[in-house]
Amino acid sequence: MIVSTDALFRPAYGKYAIGAYNINNMEQALGLFLGHINAQAPFIIQLSKGSRKYAGIPMIEAIIRAAEQLYPEAIYAVHLDHGDEATCYACIDSGFYSSVMIDASHASFEENVAITRRVVERAHAKGLSVEAELGMLGGVEEDITVDEKHAMLTNPNEAKAFVEQSGCDSLAVAIGTSHGAYKFKGQQSLHFERIEAIQQQLPGVPLVMHGSSSVPQDEVLRINAAGGTLDPSARGVDENEFKRAAELGVTKVNIDTDGRLVWTRVHREYFRDYPEDFDFRKPGALFVEEYARFIVNKSEKLGSQGKLPEVRAALG
Ligand code: G3H
Ligand code: 13P
Ligand code: ZN
């Protein structure tokens, strides 16, 4: 059942985080639903502009609806990831989405407020909620000075003013993470002191952590052993830090890269081990199983595992 993003955030806030996963195809949808049923966890499906273009809008929506027929117990929200203004309006008007993200973080503070405000008005009129972004998501590497690192992170006072002025429902914050497989070199940790300071300014407002993949070393090594050439020094977010972040208001945790790594590892290993094979359903089915296992593990780390009955009961 597709529910509002708020229905998932309310019981989770301050206790656990909801995993928000980007999907692009049928196999990911099957693994995503199966994994969350096995974990008994609520979840958020994220569609990017790229995924809407890759699968085609009617196709990706039909895949999600069909997965729901296979797993009717699932409770989830559908969210536009990193939308521009026009895509936000298209999703708001489509009737399929629970929430949209307007990403105007590249613009000035004032411009970001103005764009977000416009999207909020259109979204709220149709009962959708809006995630906005403030700050610069970037790789925080060891050779960056402490001052530089802190300048890249979301300023707590600005965050408060931004939410008040824009009316957004949740806020994506820069707290040390970045997108993709190459987030950190060397020591990796979220900036908890910054998350705490933001939460103090915005009590009760769900914070969103983008760039939350953990880029497991063994996954990278297996991909490379099967012909890949990923940088083995790649590091991501320590997933053991999810729960502490959740207690400080991080309620949505965005994960895409790690799922791509599972796909790449399964397919590279399969075709390395069975070079004579060309039935793509075999690695496809293996991927669904492995992706579902990956989801169960993430749900445990996020603290969302086992929360499905409680979310269902709250829906009435
Ligand atoms: O943050 C972006 C997500 O990883 C989606 O990636 O735009 O390549 O679909 P994409
Ligand atoms: P990763 O690249 O760390 O998976 O982040 C995904 C994301 O933030 C999607 O919005
Ligand atoms: Zn993102």
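In the block above lies the structure referred to throughout.
Residues numbered from 1 in each chain as written. Chains lettered and ligands numbered in written order. Predicted model: local features only at pLDDT ≥ 70, side-chain atom pairs only at ≥ 80, totals over all residues. Heavy atoms only, no water.

**Quick word on the site of ligand 2**
(1) Moving on: Near ligand 2 lie 15 residues; those nearest to it are Asp81, Lys183, Ser213, Asp256 and Thr257.
(2) Moving on: Between ligand 2 and histidine 82, the relevant distance is 3.2 Å, taken from an oxygen atom to a side-chain nitrogen or oxygen of the residue.
(3) Moving on: A distance of 3.2 Å is found between an oxygen atom of ligand 2 and a backbone nitrogen or oxygen belonging to serine 212.
(4) Moving on: About the coverage of ligand 2: the protein hides 96% of its 300 Å² of free accessible area.
(5) Moving on: Looking at the shell around ligand 2, the elements with two or more residues in it are β3 (76-83) and β8 (250-255).
(6) Moving on: Classifying every residue of the shell around ligand 2 gives one nonpolar, eleven polar and three charged. (Near = heavy atom within 4 Å. Polar contact = N/O pair within 3.5 Å; in protein donor to acceptor, adjacent residues only side chain to side chain. Areas by Shrake-Rupley, 256 points an atom, 1.4 Å probe, with all protein chains shown as cover. Helix = DSSP H or I, 4+ residues; strand = E, 2+ residues; numbered from the N terminus. Nonpolar A, V, L, I, M, F, W, Y, C, P; charged D, E, K, R; others polar.)

**Observations concerning the coordination of the zinc ion (ligand 3)**
(1) Moving on: Within the first shell, the zinc ion (ligand 3) binds the protein through His82 (NE2), His179 (NE2) and His210 (ND1), at distances of 2.0 to 2.1 Å.
(2) Moving on: All donors to the zinc ion (ligand 3) come from one chain, and their sequence spacing reads H-x96-H-x30-H. Of this pair, histidine 82 sits in strand β3 while histidine 210 sits in the loop between β7 (207-209) and α10 (217-225), and the two are 128 residues apart along the sequence. (Donors = N, O, S within 2.8 Å, 3.2 Å for Na, K, Ca; no water.)

**Section: the side chain of serine 212**
(1) Moving on: For serine 212, the position within the fold is in the loop between β7 and α10.
(2) Moving on: The buried category is assigned to serine 212, whose relative accessible area is 0%.
(3) Moving on: A distance of 2.8 Å separates a polar atom in the side chain of serine 212 from the backbone oxygen of methionine 209.
(4) Moving on: Excluding its chain neighbours within four sequence positions, the residues that come into contact with serine 212 are Lys183, Val237, Phe242, Val253, Asn254 and Ile255. (Buried < 20%, exposed > 50% of the residue type's maximum accessible area, 1.4 Å probe, protein only. Contact = heavy atoms within 4.5 Å.)

**Remarks on the packing of helix α2 (residues 26-39) against helix α13 (residues 281-302)**
(1) Moving on: Where α2 contacts α13, the two axes come as close as 7 Å, and the packing angle between them is 40°. Of the possible angle classes, the one that applies to α2 and α13 is oblique. For the pair α2 and α13, the sense of crossing is right-handed. Here Glu27, Gln28, Leu30, Gly31, Leu32, Leu34, Gly35, His36, Asn38 and Ala39 of α2 come into contact with α13, specifically with Gly284, Phe287, Val288, Tyr291, Ala292, Ile295, Val296 and Ser299.
(2) Moving on: For the contact of α2 with α13, a count of residues per class yields ten nonpolar, seven polar and one charged. (Axes fitted to C-alpha atoms, helices over the stretch in contact; angles between N-to-C directions. Parallel < 35°, antiparallel > 145°, perpendicular 65-115°, else oblique. Left-handed = near helix turned anticlockwise from the far one by under 90°.)

**Points about the state of the cysteines**
(1) Moving on: Taken as a whole and assessed by the stated rule, the structure comprises zero disulfides.
(2) Moving on: In this structure cysteine 88 is a free cysteine whose sulfur lies 6.9 Å from that of cysteine 91, the closest cysteine sulfur available.
(3) Moving on: Take cysteine 91: its relative accessible area is 0%, and that puts it in the buried class. (Disulfide = S-S within 2.5 Å.)

**What to know about the environment of glycine 204**
(1) Moving on: By the secondary structure assignment, glycine 204 is in the loop between α9 (192-201) and β7.
(2) Moving on: Given the relative accessible area of 46%, glycine 204 is considered partly exposed.
(3) Moving on: C-alpha of glycine 204 to C-alpha of glycine 249: the two residues are 45 residues apart in sequence and 7.2 Å apart in space.

**Structural notes on the packing of aromatic side chains**
(1) Moving on: In this structure the tally under the stated criterion is eleven aromatic pairs.
(2) Moving on: Ring centres 5.5 Å apart and planes at 90° place the aromatic pair tyrosine 270 and phenylalanine 271 in the edge-to-face group.
(3) Moving on: Overall, the relative accessible area of 8% leaves tyrosine 270 in the buried class.
(4) Moving on: Just above the ring of tyrosine 89 sits the side chain of arginine 122; from NZ or CZ to the centre is 4.0 Å.
(5) Moving on: In this structure, arginine 244 is placed above the aromatic ring of phenylalanine 192, and the distance from its NZ or CZ to the ring centre is 3.8 Å. (Phe/Tyr/Trp six-rings, centres within 6.5 Å; stacked < 30°, edge-to-face > 60°. Lys NZ or Arg CZ within 6 Å of the ring centre and 35° of its normal.)

Read these as spatial facts, not as claims about activity.
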